Amino acid sequence: MAGETPITVVGHVVADPELRFTPGGAAVANFRIASTPRTFDRQTNEWKDGDTLFLGVSVWRQQAEHVVESLHRGDRVIVVGYLAQRQYEKDGERKSSYEIKAEEVGPALKNATAHVTKSSTGNGQQPRAQGYGQQAPQNGYGAPQGDPWAQQQPQRGYSDEPPF
């Protein structure tokens, strides 16, 4: 997206993600993450925490539903998206808040493991055969038969759904 600030943040989920729906029926999940930088102090031979950065995260559509099902308070995550600033007034004072419009959200696997389960179609749409309106035969992983990638790596959770 032109003109937007790309950002990648690794942090911990502060509270369980909340799922809501727009009047048009689009799912949106919101949650906050906390990211605290750590540096090693050679004089004291100890790790020291820096100032914690708290950021809101918004995730849309099917990915929003996956986030709510998969992530919980305390989970370490990697969020990739675009930084957005909101300005508002509170008690007569102008303030700003920042959030990430997420394109990708996933568990950080540095100190954890995860079991990935591919959704039925990967993008929330029914796959089609070559004839219009005909459904393609499935291989049990949500991909049409004959798809070499789906047969070689059925555990991958990739989606070709656009971010917004």
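Thresholds, definitions, all that
Residues numbered from 1 in each chain as written. Predicted model: local features only at pLDDT ≥ 70, side-chain atom pairs only at ≥ 80, totals over all residues. Heavy atoms only, no water. UniProt positions renumbered as here; feature names shortened; annotations may be inferred. Helix = DSSP H or I, 4+ residues; strand = E, 2+ residues; numbered from the N terminus. Buried < 20%, exposed > 50% of the residue type's maximum accessible area, 1.4 Å probe, protein only. Contact = heavy atoms within 4.5 Å. Areas by Shrake-Rupley, 256 points an atom, 1.4 Å probe, with all protein chains shown as cover. pLDDT = per-residue confidence, 0-100. Pairing = 2+ DSSP bridges. Core = buried A, V, L, I, M, F, W, Y, C linked by side-chain atoms within 4.5 Å. Phe/Tyr/Trp six-rings, centres within 6.5 Å; stacked < 30°, edge-to-face > 60°.

For the chain, the name recorded in an unreviewed UniProt entry is Single-stranded DNA-binding protein, with Streptomyces hygroscopicus as its organism. The UniProt entry for the chain carries the following text under Subunit (unreviewed entry): "Homotetramer."

Asker: Tell me about the overall build of the chain, and name the residues and values.
Answerer: Check the secondary structure of the chain and you find 2 helices and 8 strands. Taken over 164 residues, the chain has a buried fraction of 27%. Across the chain, the fraction of contacts at a sequence separation of at least 24, relative to all contacts at a separation of at least 6, is 55%. Per element, the accessible surface of the chain, about 11800 Å² overall, is 47% carbon and sulfur.

Asker: Could you give an account of unusual backbone geometry, with specific residues and numbers?
Answerer: Not every positive phi belongs to a glycine, and Asn45 is a case in point at roughly 60 degrees. Looking at where Asn45 falls in the secondary structure, it is placed in the loop between β4 (38-41) and β5 (46-49). Residue Asn45 is classed as exposed on the basis of its relative accessible area of 58%. One non-glycine residue with positive phi stands out, namely Arg61, at about 60 degrees. The topology assignment puts Arg61 in helix α1 (residues 61-70).

Asker: Help me get a handle on the confidence of the model for the chain, residues and values and all.
Answerer: Taken as a whole, the chain shows an average pLDDT of 79; of its residues, 72% reach a score of 70 or greater. Counted against residues more than four places away or in other chains, residues 124-144, with its pLDDT under 50, gives 35 contacts. The low-confidence segment residues 150-164, where pLDDT is below 50, has 28 contacts with residues more than four positions distant or belonging to other chains.

Asker: How would you explain the pairing of strand β1 (residues 5-13) if you had to name every residue and give the values?
Answerer: Each regular strand displays side chains that alternate between the two surfaces of the sheet. Across 8 bridges, β1 lies against strand β7 (residues 76-90) in antiparallel orientation. Residue Thr8 lies in a different strand from β7, and its bridge partner there is Val80. Bridging between β1 and strand β3 (residues 27-35) involves 2 bridges; their strand directions are antiparallel. Note on β3: the bridge partner recorded for Val13 is Ile33.

Asker: Report on the nonpolar core, specifying residues and quantitative values.
Answerer: Ranked by size, the top nonpolar core spans 15 residues in total, and within it Phe31, Ile33, Val57, Val59, Val79, Ile100 and Val105 carry the most contacts. For this core, the elements supplying multiple residues, two or more each, are β1, β3, β6 (53-60), β7 and β8 (93-107). Apart from the residues lying within four places of it in its own chain, the contact partners of Val57 are Ala29, Asn30, Phe31, Ile33, Val79, Ile100 and Ala102.

Asker: If you had to explain the packing of aromatic side chains to someone new, which residues and values would you point to?
Answerer: Under the counting rule described, the total for this entry stands at 1 aromatic pair. Aromatic pair Phe40 and Trp47: ring centres 5.3 Å apart, planes at 65 degrees, arrangement edge-to-face. Look at Phe40 and you get partly exposed, because its relative accessible area is 38%.

Asker: I'd like a rundown of α1, residues and numbers included.
Answerer: Listed as buried for α1 are Gln62, Ala64 and Val67. Residues of α1 that are buried sit in contact with β2 (18-21), β3, β6 and β8.

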